[in-house]
Each structure stands twice: as C-alpha cells, then as structure tokens.
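Summary of structural features
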Amino acid sequence: QIPKDPAQRWLQELTALSQQLQQVHPNVLAKILKQRTIYQNEEIVVIDKPYGLPVHGGPGIKNCIADVLPILAKMLENMKADPLHLCHRLDKETTGVMVLARSKEAADKIRQLFKTRQVEKIYWAIVLGDPDPVEGVVEIPIVEKEVKSHQSHYKMTLAPNYRLRPEDGTVTRIRKNRNAEGAMTRYRRLAGASACSLLELQPITGVKHQIRVHLAYGLGCPILGDHKYSHWSKLAPQKLPELTLRRLKLEQSKARHLPLHLHAHRLCLPLGQPLDFVCKPPLFFQKTLRKLELDIPKD
C-alpha cells in the first residue's frame, strides 16, 4: 500500500530504510554492493555504503558487509577471486565512501594509513541547532560509560581534561580518565535553515561514535535522527524543534522514524598517488536538505 499523501509516503520510505537490506538474500546484497562500486583497481574496491547495513555481524543481524565479501569479490573479478578485506568501519547508519582491499597486504597497508592519520575523511551531517562558533575544532577525549537508568545501556561520552570551577568560573585541569581516548573533530557550517545546520566534518582521530558524541555533547548540536545521543539518561526518540517538524511535515510522535543523517562524503587515500573518492548523499538525505531548505554547496 503506497499512501497518497507525500508526507505519509516519505515516512513509509524512512521506516523501510533500516529493514530493507536485512531481508534480502546475501547474493542479492552482494549484487547491490557491486552496483554501488564507485572505483576499483588491482589493490582496492571502493563502495558507496548504503544506509542500515552493519559492517560486522552481531545479535539480531542477518546481513552485514563482512559476510558478503567473498561473494562480492567473485562477482567483481571471477569465481577464483579471494575474499575482499575490510580496511576501516562505518556505523550501521552511516552512508558513503568505504574502502575494501583485494589482499591482506593491501588491507594492512591501508589500515596503517588510517592509523597514522594519513587518510583525509570528510563527512556531512545535518544537525539540530547552530554550532557556536560556526567553525572550529572539538578536541575532547571520549570514553564508554554505562548509563544507569530503568533501561541500563552503554554509550560513548565526553571525558574532558578540564572543568570550570563553580566558585569563580576559572578553568582547572583535572585528572585524565585512564580509559578515555583522545578525540579531535574539525567542523564547519555549510548552511543553516529551519533550526538546523548542514556541517562538514573532518575527524582527525577515529574513536567509536566520535562525530556523534562531539556534535551532541561537545557542541550541543546532535545529528538529525541520532536517537542514541540526543539524550544522555534515556533511550528515547529525538525531540525536534517546531520549525523543523513543520518543514519535514512530521509529527513529534513520528520522529523516531527519522534516520541518522551522517554521510561519509569524501575520502582521500594516499596510495602511491593520492586517490580522491566522493559519494553524493543518499536520496533520503537529499530530500531532507530540500525540505529543510538547506542549500547543498556546489563541490
């Protein structure tokens, strides 16, 4: 049943986004990834990762990228091809540029480039609010913590090395959290409208959920559709500003269907000569930009 009302139709598309790729046969999934291959040479294969597809398996996950790498390699090359190798990861809900290697040696080499911060990664995100200042660097360590609430769960959060003294507002250094990892994200606002902003992000480090945590807790601008990091103490759908709901033609009760608007837009890989890969944001992301009247910058 396809609803006549465009807002209802969009909602149905959004609801289906996460489930679609979990219900297809692994061969079909490999074929989808083959169609989304944007570059390949003798060392690497670069794909445009779709929404809602985890990189690794786990409880309740039927399909993931790791499982179909042998099938994808055969489809791209020939029946004798060795399975492709993962070089880095993207969250299940993140879309965009992802590099796979054809051999273990190539994978090791690329992982090393990521580790030594030689790979330039540019993400786009639609966030709630307006970062202040409009461009800058968030450099706050991140640690995983248990959230004690009626539904206990784990989340990444900030572990700053400084705090403000309540008496006089001066900044004092505090003892470093042993388990925290240093994390650094550059950001720049590209457009602002409808109580939202489109940001360009460059993670300098690669800590789990880094961009999401730095934006939500560091800048106070959670990513649109990030229901995990919009509140600290509870697992609840994101609360959206009135203007944003109006532009999206969405009721607050339906906000839980909004997908995470985080896209790996560009990746520059120094393999011999620098290779530069760009993926356009997925259709749902482009539609949201149009509805919110956020102007996509011309590359």
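How each quantity is defined
Residues numbered from 1 in each chain as written. Predicted model: local features only at pLDDT ≥ 70, side-chain atom pairs only at ≥ 80, totals over all residues. Heavy atoms only, no water. Helix = DSSP H or I, 4+ residues; strand = E, 2+ residues; numbered from the N terminus. Rg over C-alpha atoms; globule rule 2.2 N^0.38 Å. Buried < 20%, exposed > 50% of the residue type's maximum accessible area, 1.4 Å probe, protein only. Contact = heavy atoms within 4.5 Å. Lys, Arg positive; Asp, Glu negative; His and termini not counted. Charge placed at Lys NZ, Arg CZ, Asp CG, Glu CD. Core = buried A, V, L, I, M, F, W, Y, C linked by side-chain atoms within 4.5 Å. Domains from an automatic or database assignment. Buried area = accessible area lost by both parts, 1.4 Å probe. Salt bridge = Lys/Arg side-chain N within 4 Å of Asp/Glu carboxyl O. UniProt positions renumbered as here; feature names shortened; annotations may be inferred. Expected span 1.5 Å × (residues − 1). Arc of directions from axis to C-beta. Phe/Tyr/Trp six-rings, centres within 6.5 Å; stacked < 30°, edge-to-face > 60°. Lys NZ or Arg CZ within 6 Å of the ring centre and 35° of its normal.

Named according to an unreviewed UniProt entry, the chain is Pseudouridylate synthase RPUSD4, mitochondrial originating from Chaetops frenatus.

1. What about the overall build of the chain?
Check the secondary structure of the chain and you find 7 helices and 14 strands. Over its C-alpha atoms the chain spans a radius of gyration of 20 Å, differing by no more than 12% from the 19 Å that the globule rule assigns to 299 residues. Expressed as lengths along the three principal axes of its C-alpha atoms, the size of the chain is roughly 70 × 55 × 45 Å. Put simply, the chain has 299 residues, and 48% of those count as buried. Across the chain, the fraction of contacts at a sequence separation of at least 24, relative to all contacts at a separation of at least 6, is 64%. Counting 46 positive and 30 negative side-chain charges, the chain places the averaged centre of each group 4 Å from the other.

2. Focus: the nonpolar core
Most often, soluble globular proteins have nonpolar side chains that are buried together. If you look at the biggest cluster of nonpolar residues, it comprises 69 residues, and the most contacted ones within it are Ile 65, Ile 126, Leu 201, Leu 215 and Leu 294. Summarising the domain contributions, this core has at least three residues from each of domain 1 (7-116) and domain 2 (120-269 + 282-290). In terms of nonpolar packing, the next biggest core, distinct from the first, is built from 18 residues, Cys 87, Ile 110, Leu 267 and Leu 271 among them.

3. A closer look at the domain arrangement of the chain
Per the domain assignment, the segments of the chain are domain 1 (7-116) and domain 2 (120-269 + 282-290). Here the C-alpha centroids of domain 1 and domain 2 sit 25 Å apart. Between domain 1 and domain 2, roughly 1,900 Å² of surface is buried when both sides are summed, and carbon and sulfur atoms account for 70% of that area. For the pair domain 1 and domain 2, the interface holds 2 salt bridges.

4. Describing the side chain of His 153
The topology assignment puts His 153 in strand S8 (residues 153-158). By relative accessible area, which is 11% here, His 153 ends up buried. Setting aside its immediate chain neighbours within four residues, His 153 contacts Lys 145, Glu 146, Val 147, Trp 232, Ser 233, Lys 234 and Leu 235.

5. Focus: the UniProt feature "domain: Pseudouridine synthase RsuA/RluA-like" (unreviewed entry) in the chain
Per the UniProt record, "domain: Pseudouridine synthase RsuA/RluA-like" (unreviewed entry) is annotated on residues 44-216. The straight-line gap between the two end C-alpha atoms of residues 44-216 is 34 Å; of that span, 18% is helix and 38% is strand.

6. Focus on the pattern of salt bridges
Enumeration over the complete set of coordinates arrives at 17 salt bridges. Among the salt bridges present, the one from Asp 108 reaches Lys 104, with a minimum N-O distance of 2.9 Å. You can see Asp 108 and its partner Lys 104 sitting in helix H4 (residues 104-115), 4 residues apart, about one turn around the helix. Accessibility expressed as a relative area gives 35% for Asp 108, which makes it partly exposed. A salt bridge links Glu 144 to Lys 208; the nearest nitrogen and oxygen atoms lie 3.7 Å apart. Of this pair, Glu 144 sits in strand S7 (residues 142-147) while Lys 208 sits in the loop between strand S12 (196-203) and helix H5 (210-218); the two residues are 64 residues apart in sequence, bridging distant segments of the chain. We classify Glu 144 as partly exposed; its relative accessible area is 43%.

7. Section: helix H1 (residues 6-20)
Spanning 15 residues, H1 covers 20 Å between terminal C-alpha atoms, matching the ideal 21 Å at 1.5 Å per step. Every buried residue belonging to H1 is among Ala 7, Trp 10, Leu 11, Leu 14 and Leu 17, and all of these are buried. The arc that holds the buried residues of H1, viewed along the axis, is 105°, so those residues lie on one side. The elements touched by buried residues of H1 are helix H6 (242-248) and helix H7 (283-291).

8. Some words on the packing of aromatic side chains
One pass over the full model with this rule turns up 4 aromatic pairs. Geometrically, the ring pair formed by Tyr 217 and Tyr 229 is edge-to-face, given 6.0 Å between the ring centres and 75° between the ring planes. Placement of Tyr 217 in helix H5 and of Tyr 229 in the loop between H5 and H6 is noted, with a sequence separation of 12 residues between them. Residues Tyr 217 and Trp 232 carry aromatic rings whose centres are separated by 6.1 Å and whose planes lie at 75° to one another, so their mutual orientation is edge-to-face. Residue Tyr 217 is located in helix H5, and its partner Trp 232 is located in the loop between H5 and H6; the two are separated by 15 residues in the primary sequence. Each member of the aromatic cluster is reached from another via a ring pair, and the members are Tyr 217, Tyr 229 and Trp 232. Above the face of the Trp 10 ring, Lys 291 is positioned so that its terminal group lies 4.3 Å from the ring centre.

9. Considering the environment of Gly 129
When you line up the elements, Gly 129 lands in the loop between strand S5 (120-128) and strand S6 (135-139). Spatially, the C-alpha atom of Gly 129 lies 5.5 Å from that of Cys 221, the residues being 92 residues apart in sequence. Every residue in contact with Gly 129, bar those within four places of it in the chain, is listed here: Ala 195, Cys 196, Ser 197 and Cys 221.

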